[in-house]
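# Understanding the architecture of this molecule
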Amino acid sequence: MRSGAAGRVMAGAMAAATGGDSDGDSEELVLTPAQLIQSLEQAWLNEKFAPELLESKPEIIECVVEQLDHMEANLKRAKRGDLKVSVHHMEIERIRFVLSSYLRCRLVKIEKFFPHILEKEKSRAEGEPSILSPEEFAFATEYMANTEAYLKNVALKHMPPNLQKVSLLKSVPKPNLDSFVFLRVLERQENILVEPETDEQREYAIDLEEGSQHLIRYRTVAPLVASGAVQLI
């Protein structure tokens, strides 16, 4: 992919994408276009295979959109009939697919788990990163209000008074954090505690070697997914 502009992402966004820590300063990290798209693909695969909604990546999304606009502007200036134009056009379409799939996957999870997502957002500690972008939060809030209004108008108002209230938190299933996921280790990890599968077994620790692949309970590796130490596949 050829481009004269590198994607710029704030230090905090890159900390979330690569597993580093942000000191809250205003220093920017400069990514090449290839590194930027790699960050998007990593976020996409993690979101696709994680049973819960992961932290929002608005800075990466914004940078990818800007990069796509820049690539399309370059194509307009290119000579017609050049083979490179077709190759770059296919790359633009591929990136658009990944971006659309990532956002679509997040919306599906919001619709599926909206009461629990909003409850988690409400109880979020000060300074803790949000799992929703402002647009996703507005969508989830409106979706919950519309669901409650629909239930009330279609069913609840026709029931006895003592049955006219329903808790969506209790009615809507939670994400299954005990489901198993495949992962690839990006950074070596030591002494990862694994919960026993049966009552006869005891909790034990394992080391995850860089480059190794595993099938493991999501709850065990959720912090490693968030930090970028492992990649779901």
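Scoring rules and cut-offs
- Residues numbered from 1 in each chain as written.
- Predicted model: local features only at pLDDT ≥ 70, side-chain atom pairs only at ≥ 80, totals over all residues.
- Heavy atoms only, no water.
- Core = buried A, V, L, I, M, F, W, Y, C linked by side-chain atoms within 4.5 Å.
- Buried < 20%, exposed > 50% of the residue type's maximum accessible area, 1.4 Å probe, protein only.
- Helix = DSSP H or I, 4+ residues; strand = E, 2+ residues; numbered from the N terminus.
- Contact = heavy atoms within 4.5 Å.
- Pairing = 2+ DSSP bridges.
- Axes fitted to C-alpha atoms, helices over the stretch in contact; angles between N-to-C directions.
- Phe/Tyr/Trp six-rings, centres within 6.5 Å; stacked < 30°, edge-to-face > 60°.
- 1 Å grid on protein atoms, 1.4 Å probe; cavity = no way out; pocket = protein on both sides within 12 Å on 5 of 7 lines; lining within 4 Å.
- Points joined across faces, edges and corners; volume = space filled by probe spheres on them.
- Nonpolar A, V, L, I, M, F, W, Y, C, P; charged D, E, K, R; others polar.

In terms of nonpolar packing, the biggest core is built from 18 residues, with Leu36, Leu40, Val64, Leu68, Ile95 and Leu99 touching the most fellow members. Mapped onto this core, the elements with two or more residues apiece are helix H2 (33–49), helix H3 (58–77) and helix H4 (83–122). Residues contacting Val64, with those up to four places away along its chain left out, are Leu36, Ile37, Leu40, Ile95 and Leu99.

The subject of this paragraph is the sheet that holds strand S7 (residues 230–232). Sheet strands associate in pairs through backbone hydrogen bonding, adopting either a parallel or an antiparallel arrangement. If you trace the three strands from one edge of the open sheet to the other, you get S6-S3-S7, paired in antiparallel fashion. Among the strands making up the open sheet, the edge pair consists of strand S6 (213–217) and S7. With strand direction ignored, the average angle separating the axes of adjacent strands in the sheet is 40°. Bridge count for strand S3 (residues 180–185) against S7 is three bridges, and the pairing is antiparallel.

A word on the packing of aromatic side chains. Applying the stated rule across the entire model yields three aromatic pairs. Here the aromatic rings of Trp44 and Phe97 are separated by 6.2 Å at their centres, their planes lie at 80°, and the arrangement is edge-to-face. Taken as a pair, Trp44 in helix H2 and Phe97 in helix H4 lie far apart in primary sequence, 53 residues in all. Relative accessible area serves as the criterion here: at 14%, Trp44 is assigned to the buried category. Both rings, one in Phe114 and one in Tyr143, keep their centres 5.0 Å apart while their planes meet at 75°; by these two values the pair is edge-to-face. With Phe114 in helix H4 and Tyr143 in helix H5 (residues 134–154), this residue pair connects regions lying 29 residues apart in the sequence. Given the relative accessible area of 5%, Phe114 is considered buried. Feature note: the residues Phe114, Phe139 and Tyr143 constitute an aromatic cluster, connected by ring pairs.

Our next topic: the layout of surface pockets. Over the atoms, a rolled probe matching the size of one water molecule traces out where space is still vacant. Looking at the largest pocket, its volume works out to about 410 Å³. Looking at the largest pocket, it is lined by 23 residues, and the ones nearest its centre are Leu54, Glu55, Ala222, Val225 and Ala226. Of the residues that constitute the lining of the largest pocket, the class distribution is 13 nonpolar, four polar and six charged.

This part takes up empty space enclosed by the protein. Following the criterion strictly, the structure yields one cavity of 30 Å³ or more and no others. For the largest cavity, the calculated volume is near 40 Å³. Lining the largest cavity we find Lys120, Glu121, Arg124, Glu128, Pro129 and Ile131. In the lining of the largest cavity, the residues fall into two nonpolar, no polar and four charged.

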